[in-house]
Amino acid sequence: MSDHEVLHVKGRVLVGPEDVRDELWCVDGRITFDRPAAEAVTVEGWALPGLVDAHCHVGLDRHGPVDEATSEKQALADRDAGTLLIRDAGSPSDTRWIDGREDLPKVIRAGRHIARTRRYIRNYAHEIEPVDLVAYVGREARRGDGWVKLVGDWIDREAGDLTACWPRPEVEAAIAEAHRLGARVTAHCFAEDSLRDLVEAGIDCIEHATGLTEETIPLFAERGVAIVPTLVNIATFPHLADGGQEKFPRWSAHMRRLHERRYDTVGAAFDAGVPVFVGTDAGGSLAHGLVAEEVEELTKAGIPPIEALAATTWGARAWLGRPSLEEGAPADLVVYGEDPRVDVRVLAAPRRVVVNGRVLA
């Protein structure tokens, strides 16, 4: 398609879980439900808002920052899988150039990870001590797109297990500073220990959240703190545990326990009313383009298919403050051959991917 062609999407347009329209048009990169006078190219099928990956790392691989050509390949892999909105949950690379590309997903950045000294993956994060936490959170809040990413726990080599990274007073002050600057805060957390302090300090979201328990799930629900489970990443825990068995047996056993109960943990959180959203954790050791697999994983945890679908479409976009299939919204949508509400595995085979009103995949 050229930039000037009008696109007509017809069939079943899923504006919301129950709000199904017969058609929409993409004119000048925007959605309209009013038939234009111009001739249109027609695409037929089941249309959804562009999928959301709420935990993704463009500009990062297992060794640290990557060049623009590699970042572009990552973004294209996500786009071709139907992911058209990314919350980049921490990256050391400057990916602002993506904002000028009409053919790539839209990105909401959380700046660079903020971790405790020698308590995270090398070359990923600002590695600091608690005395500097407020200053670094303020810096990343100003650099990001309304989010800041903390590393809430990591292996403590002296303890031989996962432990919390930040004292309560410092994390309270840091989250308050982010909120003062208009940013929300999320944190990487595998284990149990850091969760209560972070939630009571006012955090907005927890990544992974494998350490949720019967004691902390009600607290999350009461405070409305969201989780992004990244179950396709949690699937790697047994392999990680095997690698650390000899040196850190306590940590290895802990990681295996967290993995074994992963579906029960996510299901219990959802049943309690904790907001759950789709994220893949692509860009570290995982490939990009795994959004369909993560939605399917949520259903394995007992989340109903329509709710798992909402966690990567309407619900996720509302949570991130971005429009879905609305009059005048950017024409970012994915068309499928079958109804994804019936079987979420349909998401793995998009028929057409439309970005800013143009069919690109």
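Please read all numbers here as calculations on a predicted model, not as lab measurements.

Participant: I'm lost on the overall build of the protein chain in this one. Help?
Facilitator: A count of helices and strands for the protein chain gives twelve helices and 20 strands. Here the C-alpha coordinates of the protein chain stretch approximately 70 × 40 × 35 Å along the principal axes. Sorting the 361 residues of the protein chain into buried and exposed places 55% on the buried side. Pairs at least 24 residues apart make up 65% of the contacts formed inside the protein chain by residues separated by at least 6 positions.

Participant: Sorry if this is basic, but what is going on with the packing of helix α2 (residues 133-143) against helix α3 (residues 168-180) here?
Facilitator: For any two helices packed against each other, the geometry comes down to the angle between their axes and how far apart the axes lie. Contact pair α2 / α3: the axes reach a minimum separation of 8 Å and the direction vectors enclose 25 degrees. Compared by their axis directions, α2 and α3 come out roughly parallel. Considering only the axes of α2 and α3, their crossing is right-handed. Each of L133, V134, V137, G138 and R142 in α2 lies in contact with α3, whose residues at this interface are E170, V171, A173, A174, E177, A178 and R180.

Participant: Help me out: how do you make sense of the environment of L320 in this one?
Facilitator: With respect to the helices, strands and loops of the structure, L320 is situated in helix α12 (residues 314-320). Separated by 248 residues in sequence, L320 and E72 place their C-alpha atoms 23 Å apart. With residues up to four places along the chain from it excluded, the contact list for L320 reads V52, L85, R87, I108, W147 and R184.

Cut-offs and rules
- Residues numbered from 1 in each chain as written.
- Predicted model: local features only at pLDDT ≥ 70, side-chain atom pairs only at ≥ 80, totals over all residues.
- Heavy atoms only, no water.
- Helix = DSSP H or I, 4+ residues; strand = E, 2+ residues; numbered from the N terminus.
- Buried < 20%, exposed > 50% of the residue type's maximum accessible area, 1.4 Å probe, protein only.
- Contact = heavy atoms within 4.5 Å.
- Axes fitted to C-alpha atoms, helices over the stretch in contact; angles between N-to-C directions.
- Parallel < 35°, antiparallel > 145°, perpendicular 65-115°, else oblique.
- Left-handed = near helix turned anticlockwise from the far one by under 90°.

Nothing here speaks to function; it is geometry throughout.
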